[in-house]
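Structure at a glance
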Amino acid sequence: MEIGIVGLPNVGKSTLFNALTKTQNAESANYPFCTIEPNKAIVPVPDSRIEKLAELVNPQRVQHSTVDFVDIAGLVKGASKGEGLGNKFLENIRQTEAILHIVRCFDNGDIVHVDGDIDPIRDIETIETELILADIQMLERKLDRYKKQMKGDKSLVPIYEEGQKLMEHLSAGKLAERYENRDSDVAQPLFKDPGLVSAKKIIYCANVDEDGLLEDNDYVKTVQEYAQSHNSAFVKVSAQVEQELVGLDEGEQAEFLQEFGVSESGMEQVIKQGFDLLGLQSYFTAGVKEVRAWTIHKGWKAPKAAAVIHNDFEKGFIRAEVIAYDDYVKHGSEAKCRVAGVLRTEGKDYLVQDGDVMHFLFNV
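This section reports on the structure supplied with the text.

Across its full length, the protein chain holds 14 helices and 12 strands. Within the span of the protein chain, comprising 364 residues, buried residues form 50% of the whole. For the protein chain, the accessible area works out to roughly 17700 Å², and carbon and sulfur atoms hold 46% of it.

Now for a negative patch on the surface. A surface patch of negative charge is lined by Glu51, Asp249, Glu250, Glu252, Glu255 and Glu259. For the negative patch, the leading source of residues is helix α9 (residues 250-258), giving three residues. Judged by relative accessible area, which is 72%, glutamate 250 ranks as exposed.

Let us look at helix α7 (residues 218-229). Taking 1.5 Å per residue as the helical rise, α7 with its 12 residues ought to reach 16 Å, and the 16 Å between its terminal C-alpha atoms agrees with that figure. Of the surrounding elements, those touching the buried residues of α7 are β5 (98-104), α4 (120-149), β6 (201-207) and β7 (233-237). Its side-chain oxygen placed 3.0 Å from the backbone nitrogen of tyrosine 219, asparagine 217 serves as the N-cap of α7.

A separate point is the state of the cysteines. Under the criterion given, the structure shown has zero disulfides. No disulfide involves cysteine 205; its sulfur sits 8.6 Å from that of cysteine 105, the nearest cysteine. On the basis of relative accessible area, cysteine 205 is assigned to the buried category, the value being 0%.

For the rest of this paragraph, the subject is the nonpolar core. Within the largest apolar cluster, 78 residues are counted, with the highest numbers of intra-cluster contacts made by Phe69, Leu100 and Phe191. By residue number, the principal contributor to this core is α4, which donates 10 residues.

Turning our attention to the packing of aromatic side chains. Scanning the entire structure with this criterion turns up eight aromatic pairs. With 5.8 Å between their ring centres and 85° between their planes, tyrosine 283 and phenylalanine 360 make a pair best called edge-to-face. Remark: phenylalanine 360 occurs in strand β12 (residues 357-362) and tyrosine 283 occurs in strand β8 (residues 280-286); sequence separation between them is 77 residues. On the basis of relative accessibility, which here comes to 0%, the residue tyrosine 283 falls in the buried class. Since its relative accessible area comes to 7%, phenylalanine 360 is described here as buried.

At a closest axis distance of 9 Å, the pairing of α4 and α7 adopts a crossing angle of 45°. As far as their axial angle goes, α7 and α4 are oblique. Two secondary-structure elements touch here, α4 through Pro120, Ile121, Ile124 and Glu128 and α7 through Tyr219, Thr222, Val223 and Tyr226. Taken together, the residues of the contact of α4 with α7 break down into six nonpolar, one polar and one charged.

Here we come to the sheet that holds strand β2 (residues 39-44). Where strands meet in a sheet, backbone hydrogen bonds hold them as pairs that are either parallel or antiparallel. If you trace the six strands from one edge of the open sheet to the other, you get β2-β4-β1-β5-β6-β7, paired in mixed fashion. With one partner strand each, in any of the chains shown, β2 and β7 form the two edges of the open sheet. In this sheet, neighbouring strand axes are inclined to one another by 25° on average, regardless of whether the strands run parallel or antiparallel. Across four bridges, the pairing between strand β1 (residues 2-6) and strand β4 (residues 66-71) is parallel. Paired with glycine 4 across the strands is valine 70, a residue of β4. Contacts between α4 and the sheet are confined to β5 and β6, with β5 contributing the most and set at about 145° to the helix. Most of the contacts of α7 go to β7, to which it runs at about 160°, and overall it touches β5, β6 and β7.

Sheet analysis places strand β3 (residues 61-63) next to strand β9 (residues 290-297), joined by three bridges and oriented parallel. The partner of glutamine 63 across the bridge, within β9, is arginine 292. Bridge count between β8 and β9: seven bridges; the pairing is antiparallel. Note that in β9 the partner of tyrosine 283 across the bridge is tryptophan 294. Where β8 folds back on β9, the antiparallel hairpin that results is connected by three residues.

Conventions we followed
Residues numbered from 1 in each chain as written. Predicted model: local features only at pLDDT ≥ 70, side-chain atom pairs only at ≥ 80, totals over all residues. Heavy atoms only, no water. Helix = DSSP H or I, 4+ residues; strand = E, 2+ residues; numbered from the N terminus. Buried < 20%, exposed > 50% of the residue type's maximum accessible area, 1.4 Å probe, protein only. Areas by Shrake-Rupley, 256 points an atom, 1.4 Å probe, with all protein chains shown as cover. Patch = residues over 30% accessible without salt bridge, like charges linked within 9 Å, V, L, I, M, F, W, Y side chains within 5 Å. Salt bridge = Lys/Arg side-chain N within 4 Å of Asp/Glu carboxyl O. Lys, Arg positive; Asp, Glu negative; His and termini not counted. Charge placed at Lys NZ, Arg CZ, Asp CG, Glu CD. Expected span 1.5 Å × (residues − 1). Contact = heavy atoms within 4.5 Å. Polar contact = N/O pair within 3.5 Å; in protein donor to acceptor, adjacent residues only side chain to side chain. Disulfide = S-S within 2.5 Å. Core = buried A, V, L, I, M, F, W, Y, C linked by side-chain atoms within 4.5 Å. Phe/Tyr/Trp six-rings, centres within 6.5 Å; stacked < 30°, edge-to-face > 60°. Axes fitted to C-alpha atoms, helices over the stretch in contact; angles between N-to-C directions. Parallel < 35°, antiparallel > 145°, perpendicular 65-115°, else oblique. Nonpolar A, V, L, I, M, F, W, Y, C, P; charged D, E, K, R; others polar. Pairing = 2+ DSSP bridges.

Right, here's the structure in full:
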């Protein structure tokens, strides 16, 4: 999973990136465009289940699922026409699976705002307008191409007509992600090669100061209401607090967060929201060499889930041995689960469940 961190200049993107990834390779500065090239960091997905399995199995190594966070250069009005660093922004965001939209929700006279004052909804609409305008340009080129091609290929007519409807949707200032017919077969070619940037799933992230973490201010409430009204995900974090967590051990972090009435770090909240948004889940493999989490989409059957380990696992799939996570923890080992009769043998049609501990048998 790759999440692009976006937002207007000086909303705290790079500060939050540094904190979330526990790195300092994204320069934070009090001026626009301090991030010129996208910064990437691979972050392990926090999951207490894999730690518990490791305690029971005592493997040589433990491997979490991972998320790529991409800190992308700031955006300004006119980006779709190449203003600021817009072209670079749009190309980088096109490669991500989801957007973490950082919105400034705190007052601080020492940190300038690109538009002079704090207005979260205006800031959101500025970026979303640029995404939509970029998609309109992209869609115009696609429709021109379809119009020429369908003279000799009538099968393209429905796609062209669907594209006109999508153009009306975008021209009304609506994101492609909210297009009602987006998942239909006829609309799919319009959303691919290249993809539409406004079709990405969005997590709206209210960046607050310490006071805002303790109690929702009016800025936070407006962002949360906006997210809810558009059926989008919402998180509230403090980049300032997250940065202070860097370097603390697990116990110290929990104690520090408790002072603000928060049980999870910003990174944990964002990753959970990302998994939910994209319909992701994890299954585990557990052996003496390695205990590992594997990320798959909900609804995947066993052979496809096996392919994330190696394509040969899917090609030569025979069966899967499956233990529910709770059963594994209850009995303490694969051998004891087998004796207790909770280890199941599943075939090609088995829908993998979140937390399954699996062993695949295959033949190539």
